[in-house]
Amino acid sequence: MSSNIYKNKKPLIFFLAPAFAFMLIFLYYPFVKNIFNSFCDIRGLGTAARGLNTPWYANYSRMLSDENMRTALINTLIMILVTIVGQVGIALLLAILVDNVKHGAKFFRVVFFFPIVISATALGLLFNLIFLYDKGMINQLLGAMGVGKLTDWKDETHALITMMIPVTWQYVGFYFIILVTGLNNISEELYEAAAIDGATRFQRVRFITLPLLYNVICTCIILAVTGALKVFDLPWVMFPKGIPFGKTWLTGTYMYYQVFNATDVDYSSAISVLIVVLGVILSKAVNKIFKERDY
Amino acid sequence: MKKKMAAAALACVMAVSLAACGGNEQSENDTTSKSETDKETGKEEKKGAEKKTGGVELNVTTTFAGNDTNAQNYKDAAGKWQDDTGNTINDTSATSDETFKARVAADFEVGSEPDVLFYFNGMDSNSFVEAGKVISIDDIRKEYPEYADNMKDELMGASPVDNVNYSVPVNGYWEGMFVNKSVLEEAGVDVPNADTSWDDFMGICQKVKDAGYTPIAASLAQIPHYWFEFTIYNHLAPDTHAVLPEKVDDEHGKAWVAGLEDMKEMYEKGFFPENTLSGTDDETFQSFIDGKAAFLVDGSWKVGGIEEATDDVDNFTVTYVPAKGERKATDIIGGLSSGYYITKKAWDDPDKREAAVSFIEYMTSDEMVSKFALTSATALKDGAKVDEKELSGLGKAGLEMVNNITGISDAVQDQIPTECRVPIFDGMPNIVTGKVKIPDAVTEVLTMIEDYQPEDAKK
């Protein structure tokens, strides 16, 4: 009798209801509404739909022939690859190096994590100054080294790299901290035993650290892939409207542009549906490829 | 069972506590509103002796907020009107951006529009004008014959929907060519004036370029709008400029193609910054301030921007954009793109109607408009009375320019729905580099405009 109160789960529903209602109103309803909007004709933010598009799937067929959309998808896929290799890869390397440092590990942790606490907009402005055509830091350094001609780091040739570098750099610290935490969970005894057996430092990393860190790396990769799909603020600050020649569009920036610059609300709704579908498919695929292992 | 009762009792206590919290809040609110009412009643009694309209709460939304140069002027004026009349303003002004426009549109959609709205009178107002949710000036004058009688009706900014005036404007804008005088001195050329022809101007640009400077500061990647206007204007006239082409090969369509070809030619001659296709407007503006570029075509709002950005404002002046064809250099782009609306919701409430009319008459009096407008255009019959001593050299040059105009036209881009501007405005880099043929880009815009029209309008 005394334990009955714990078996009765009904009160739980009472306490879960507010959070559920919140999600229902502010997430699921807008999401479903957004899917519906993608089939409608909407002539501006805040205005009601003027009915369905003709044909109702017009926005989706438009996506197939939209060159900017194609660029955005390709750039986003490149961004995912760069994120996996650049962010998680560099974070792993730094984490292993810091783990092997005897003094100053705390200092390096703070230094590598620091970019995370700066807002992406501020970082965008910072990198704008670094890559600025006239008086930019890099061009000034090149000038000091005798390079007379200014380089336009945002032209067609350099734009994509100029955009990817700060985005990659920004999140290295995030994955670095996750990986360092994972490294701390590996028992020192394993390393000591391996050292007694004559394993070199590289062999210890190859045969102890990496296998035991596998699940943490998988988590980082899943976070990186889904995060790359949503990258928006920093690229938008540095490359508004996909400049130059629409070469720097990402799915996130192109969706924002369609709402707030082109005021094509229904088309941007369709793009956001595509982003969600892409996100679900990619995260499922990554989950399948990088399945967590039990040890 | 006891446990169940205890749980129920606990739930009751929680519910009562929550209700009590709400109740306290309510009672606090009641106290506040009561004390405010008491204060207002006192004020009402005091002011009531002076004016009978006191005690009305007016919901007002304007764009005089944030960094708007008139934000403080508006705050002061609204405060003074409240003190004078005893009415209260619930102000929901915000910076004019797409989010603000969306808010206004949504407010009208759901019936929570303000009583008085200071807003754009172009295409942005079409939805609520079409829905009959604002009152026309003519209708207001039937009851208040002196309403906005200090304004020139033809300059008030009629709605594109039915060419009827709905809003009373305050300050307008003009577009002109700002000049960095030191760059021209270095290049050994004079500041262009009303007599400078287009060919002379091209010659000046070439000399500036030969002297190692950028002739024109503009980001074609981000803000090609001003040059789009003037190069097309050069192939039309003040009374024909702000008319949309119907076809690419009609008079206006040909003017658009010819204007864009002029822009392409200027790009090919290297008159724009080297990074004009990848740089931002901020970068090109800075190059103008830093003395690396000679000319900048922009609006009257840039006077304040330049004054703020430089310590040597006397190094800058503003003049007419050189012309060719029928257009004279003294024919400028300008107009009054915003004004005060009274919504139908306020008009149907007799108290609010009285207060709204009083508020707008106060905010659009000659004295107030002069204060807000300074060097920008107004619709005042007697013109703005500006104390020139308060103006910088650049401000005076702007005023002189406006005082000597021979013609004025609205910007034709205001006739194009934002969604349809994309192929030319955002596609300008492709146009000037020849990746897209100019007639194709114009045709695409015109097709989009046609598709954008509602079916009944097309008929």
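Residues numbered from 1 in each chain as written. Chains lettered and ligands numbered in written order. Predicted model: local features only at pLDDT ≥ 70, side-chain atom pairs only at ≥ 80, totals over all residues.

Let us now look at the overall build of chain B. Of the regular secondary structure elements, chain B holds 19 helices and 10 strands. Across the 459 residues in chain B, those meeting the buried criterion constitute 43%. Sequence-distant contacts in chain B: of pairs separated by 6 or more residues, those separated by 24 or more amount to 77%. (Helix = DSSP H or I, 4+ residues; strand = E, 2+ residues; numbered from the N terminus. Buried ≥ 20, exposed ≤ 12 C-beta atoms within 10 Å, placed from the backbone. Contact = placed C-beta atoms within 7 Å.)

Attention now moves to the overall build of chain A. The helix and strand inventory of chain A stands at 13 helices and zero strands. When its helices and strands are written in sequence order, chain A yields α-α-α-α-α-α-α-α-α-α-α-α-α. For a compact globule of 295 residues, the expected C-alpha radius of gyration is about 19 Å, and chain A comes in at 24 Å, more than 25% above that figure. Considered along the principal axes of its C-alpha atoms, chain A spans approximately 85 × 75 × 30 Å. Pairs at least 24 apart in sequence give 69% of the contacts found in chain A among residues at least 6 apart. (Rg over C-alpha atoms; globule rule 2.2 N^0.38 Å.)

Our focus in this paragraph is helix α9 (residues 188–196) of chain A. Of all the nine residues making up α9(A), zero are buried; the element is thus mostly uncovered. Of the residues trailing α9(A), Gly198(A) is marked for its positive phi of about 90 degrees.

On to the packing of helix α3 (residues 58–65) of chain A against helix α13 (residues 265–289) of chain A, then. Residue and element names in this part refer to chain A. The geometry of α3 relative to α13 is characterised by a closest axis approach of 9 Å and an angle of 75 degrees between their N-to-C directions. What the angle tells us is that α3 and α13 run roughly perpendicular. In contact with Asn59, Tyr60, Arg62 and Met63 of α3, α13 contributes Asp266, Tyr267, Ala270 and Leu274. In terms of residue class, the contact of α3 with α13 is made up of five nonpolar, one polar and two charged. (Axes fitted to C-alpha atoms, helices over the stretch in contact; angles between N-to-C directions. Parallel < 35°, antiparallel > 145°, perpendicular 65-115°, else oblique. Nonpolar A, V, L, I, M, F, W, Y, C, P; charged D, E, K, R; others polar.)

Along its sequence, chain B is organised into domain 1 (55–172 + 336–384) and domain 2 (185–333 + 414–458). The residue makeup of the side of domain 1 of chain B that touches domain 2 of chain B, split by class, is two nonpolar, five polar and no charged. (Domains from an automatic or database assignment.)

This part covers the packing of helix α4 (residues 67–99) of chain A against helix α8 (residues 159–184) of chain A. Residues and elements named next belong to chain A. It is the contact of α4 with α8, at a shortest axis distance of 7 Å, that shows an interaxial angle of 45 degrees. In terms of axis orientation, α4 runs oblique to α8. Where α4 crosses over α8, the two elements pack in a sense that is right-handed. (Left-handed = near helix turned anticlockwise from the far one by under 90°.)

We now examine helix α10 (residues 201–229) of chain A. Residues and elements named next belong to chain A. Along its 29 residues, α10 runs just 37 Å from first to last C-alpha, ending more than 12% under the 42 Å computed at 1.5 Å per residue. The sharpest bend along α10 measures roughly 55 degrees and falls at Tyr214. Looking at α10, one finds that the buried residues are Thr209, Leu213, Val216, Cys220, Ile221, Ala224, Val225, Ala228 and Leu229. For α10, the elements touching its buried residues are α4, α8, α12 (251–260) and α13. (Expected span 1.5 Å × (residues − 1). Bend = angle between axes of the 7 residues up to and from the residue.)

Time to look at the nonpolar core. Nonpolar side chains tend to gather and get buried jointly when the protein is soluble and globular. Core analysis: the biggest nonpolar cluster contains 171 residues, and Tyr175(A), Leu179(A) and Val116(B) have the highest contact counts within it. Both domains that meet at this core, namely domain 1 (55–172 + 336–384) and domain 2 (185–333 + 414–458) of chain B, each give it at least three residues. Excluding anything up to four places from it in sequence, Leu179(A) contacts Ala91(A), Leu92(A), Ala95(A), Leu213(A), Val216(A) and Cys220(A). (Core = buried A, V, L, I, M, F, W, Y, C linked by C-beta atoms within 7 Å.)

A few words now on the environment of Asp239(B). Mapped onto the fold, Asp239(B) is located in the loop between α8 (225–233) and α9 (251–268). Distance from Asp239(B) to Pro215(B), taken between C-alpha atoms, is 30 Å for residues 24 residues apart in sequence.

Looking now at unusual backbone geometry. Residue and element names in this part refer to chain A. The linkage connecting Thr54 with the following residue, Pro55, adopts the cis geometry, with an omega of -10 degrees. Structurally, the position occupied by Pro55 is in the loop between α2 (10–37) and α3. Omega for the peptide link from Ile243 to Pro244 comes to -5 degrees, which places this bond in the cis form. Within the secondary structure layout, Pro244 lies in the loop between α11 (233–238) and α12. With a phi angle near 45 degrees, Thr263 is a residue other than glycine that sits in the positive phi range. Turning to its location among the elements, Thr263 is positioned in the loop between α12 and α13. Look at Thr263 and you get buried, because 23 C-beta atoms sit within 10 Å.

Residue and element names in this part refer to chain B. Here chain B averages 85 in pLDDT, and 87% of its residues register 70 or above. Note on residues 5–52: pLDDT under 50 across the span, and 14 contacts to partners over four residues away in sequence or across chains. In the predicted complex, the global pTM is 0.78; the interface-specific ipTM is 0.78. (pLDDT = per-residue confidence, 0-100.)

What follows concerns the interface of chain B and chain A. At the junction of the two partners, chain B supplies 27 residues and chain A supplies 22 residues. Secondary structure elements with two or more residues in the side of chain B that touches chain A: α1 (2–48), α3 (98–110), α10 (281–289), α16 (418–425) and α17 (428–432) of chain B. Among the elements that line the side of chain B that touches chain A, the one with the most residues is α3(B), at seven residues. Its residues assigned to classes, the side of chain B that touches chain A shows eight nonpolar, nine polar and 10 charged.

Secondary-structure assignment places Ala221(B) in the loop between β5 (214–216) and α8. Separated by 60 residues in the primary sequence, Ala221(B) and Asp281(B) place their C-alpha atoms 8.5 Å from one another. Beyond its immediate stretch of four places on either side in the chain, Ala221(B) contacts Ile243(A), Pro244(A), Thr276(B), Leu277(B), Ser278(B), Gly279(B) and Pro429(B).

What follows deals with the sheet that holds strand β9 (residues 338–342) of chain B. Residue and element names in this part refer to chain B. Across the sheet, which stays open at both edges, the four strands sit in the order β2-β1-β3-β9 with mixed pairing between neighbours. What marks the edges here is a single partner per strand, and that holds for β2 (88–91) and β9. With strand direction ignored, the average angle separating the axes of adjacent strands in the sheet is 25 degrees. Where strand β1 (residues 57–61) meets strand β3 (residues 116–120), two bridges bridge the pair, whose relative direction is parallel. (Pairing = 2+ DSSP bridges.)

By secondary structure assignment, the location of Leu260(B) is in helix α9. Ignoring sequence-local partners within four residues, the contact set of Leu260(B) consists of Thr231(B), Ile431(B) and Ile438(B).

Now for the pairing of strand β8 (residues 331–335) of chain B. All names here are of chain B. For β8, the tally of buried residues reaches five of five residues, placing the bulk of the element in the interior. Burial of β8 is two-sided: the residues Asp331, Ile333 and Gly335 facing one way and the residues Ile332 and Gly334 facing the other way are all buried. Direction of pairing for strand β4 (residues 173–180) relative to β8: antiparallel, over a ladder of three bridges. When the sheet's bridge partners are listed, Trp174 is paired in β8 with Gly334. The pairing of β8 with strand β10 (residues 407–409) spans three bridges and is classified as parallel. When the bridges of β10 are listed, Ile333 appears paired with Ser409.

All right, on to the confidence of the model for chain A then. Taken residue by residue, chain A gives an average pLDDT of 90. The fraction at 70 or more is 97%. For chain A, per-element mean pLDDT is lowest for helix α1 (residues 4–7) of chain A, which scores 66, and highest for α3(A), which scores 94.

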